[in-house]
Amino acid sequence: IEAVLADGQKLQFGHRVAATVQRPNKMRAERVGELIAQTFYYDGKTLSLNLPQQGYYATAHVPPTLDGMLDVARDKLNVIAPGADLLYTNAYERLTEGLTSAFVVGKAVVAGATCDHIAFRNAEVDWQIWIQEGAQPVPRKFVVTSKRMPGSPQFASVMSDWQLAPKVTDATFSFVPPQGAQRIEFMPVAPATSK
């Protein structure tokens, strides 16, 4: 993830994310890195965020579908989840809405896998995706450049260790607050102001 300072200098921060999704309504995502350590749990009814290093957690009732939860998390709970567009049921339709251009860049190798590199553009962002060739055409890399933000920061993700038939149980997606952790509220999205 890139951050742009007031003087225009860019800083880049790295994270490791492990995500497990069970459609239609379960997800767990653990993010550990330079800026934060956090785990999200979605069990089909509630979204919980655990911040183990700070000793805090938050829980909110959300819709009973992964797509609905992602919408509420972004629009009402102020959860910033770069790359979440790839988790939607209709990811292709969401990502290609409003395109102004798209083209195949060519072949590339990402983490040892031969991929098709494709570039896209719309009014808000330029984005690229690298899709693995063969019988399992999974995304291997995803880069988004925010054109309307000062300094055009980028988000880049390299995806590896795909497990298309993981062994999971309901406990994988269930959150139990750690002993001594303090419950806090999600910070809601501030209402838009008109000028």
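Structure's up top.
Note that the structure is predicted; figures quoted are calculated from it, not measured. (Residues numbered from 1 in each chain as written. Predicted model: local features only at pLDDT ≥ 70, side-chain atom pairs only at ≥ 80, totals over all residues. Heavy atoms only, no water.)

S.K.: What should I look at first to understand the pairing of strand β12 (residues 154–158) in this one?
M.R.: Within a regular strand, the side chains alternate between the two sheet faces. Of the two faces of β12, only the one carrying Phe155 and Ser157 is buried; Gln154, Ala156 and Val158 on the other face are not. Across five bridges, the pairing between strand β11 (residues 139–146) and β12 is antiparallel. From the neighbouring strand, Val144 faces β12, where its bridge partner is Phe155. (Buried < 20%, exposed > 50% of the residue type's maximum accessible area, 1.4 Å probe, protein only. Helix = DSSP H or I, 4+ residues; strand = E, 2+ residues; numbered from the N terminus. Pairing = 2+ DSSP bridges.)

S.K.: For this particular structure, what's the right way to read the layout of surface pockets?
M.R.: Regions of empty space are outlined by a rolling probe, equal in size to a water molecule, passed over the atoms. Space inside the second largest pocket adds up to approximately 170 Å³. Around the second largest pocket, the lining residues are Leu86, Thr89, Ala91, Tyr92, Leu95, Thr96, Ile118, Phe120, Trp127, Ile129, Ile131 and Pro139. Secondary-structure elements contributing two or more residues to the lining of the second largest pocket are α2 (91–96), β9 (113–121) and β10 (125–132). It is α2 that provides the largest number of residues to the lining of the second largest pocket, a total of four residues. (1 Å grid on protein atoms, 1.4 Å probe; cavity = no way out; pocket = protein on both sides within 12 Å on 5 of 7 lines; lining within 4 Å. Points joined across faces, edges and corners; volume = space filled by probe spheres on them.)

S.K.: Please explain the side chain of Lys26 as it appears in this structure.
M.R.: Looking at the element boundaries, Lys26 is found in strand β4 (residues 26–33). Although Lys26 is buried, it forms no salt bridge, and the closest oppositely charged side chain is Asp170 at an N-O distance of 4.1 Å. Leaving out residues up to four positions away in the same chain, Lys26 has contacts with Thr20, Val21, Tyr42, Asp43, Leu66, Asp170 and Phe173. (Lys, Arg positive; Asp, Glu negative; His and termini not counted. Salt bridge = Lys/Arg side-chain N within 4 Å of Asp/Glu carboxyl O. Contact = heavy atoms within 4.5 Å.)

S.K.: Just to check I follow, could you spell out the nonpolar core for this structure?
M.R.: Where a protein is soluble and globular, its nonpolar side chains tend to be buried together. Ranked by size, the top nonpolar core spans 20 residues in total, and within it Met27, Tyr42, Leu47, Val62, Met69, Leu77 and Phe186 carry the most contacts. Listing elements by their share of this core, those giving two or more residues are β4, β5 (37–42), β6 (46–51), β7 (56–61) and α1 (66–75). In terms of residue count, α1 provides more of this core than any other element does, five residues in total. Leaving out residues up to four positions away in the same chain, Val62 has contacts with Tyr42, Lys45, Thr46, Leu47, Met69, Val72 and Leu77. By size, the runner-up hydrophobic cluster in this structure holds 10 residues, among which are Leu95, Val125, Phe142 and Phe155. (Core = buried A, V, L, I, M, F, W, Y, C linked by side-chain atoms within 4.5 Å.)

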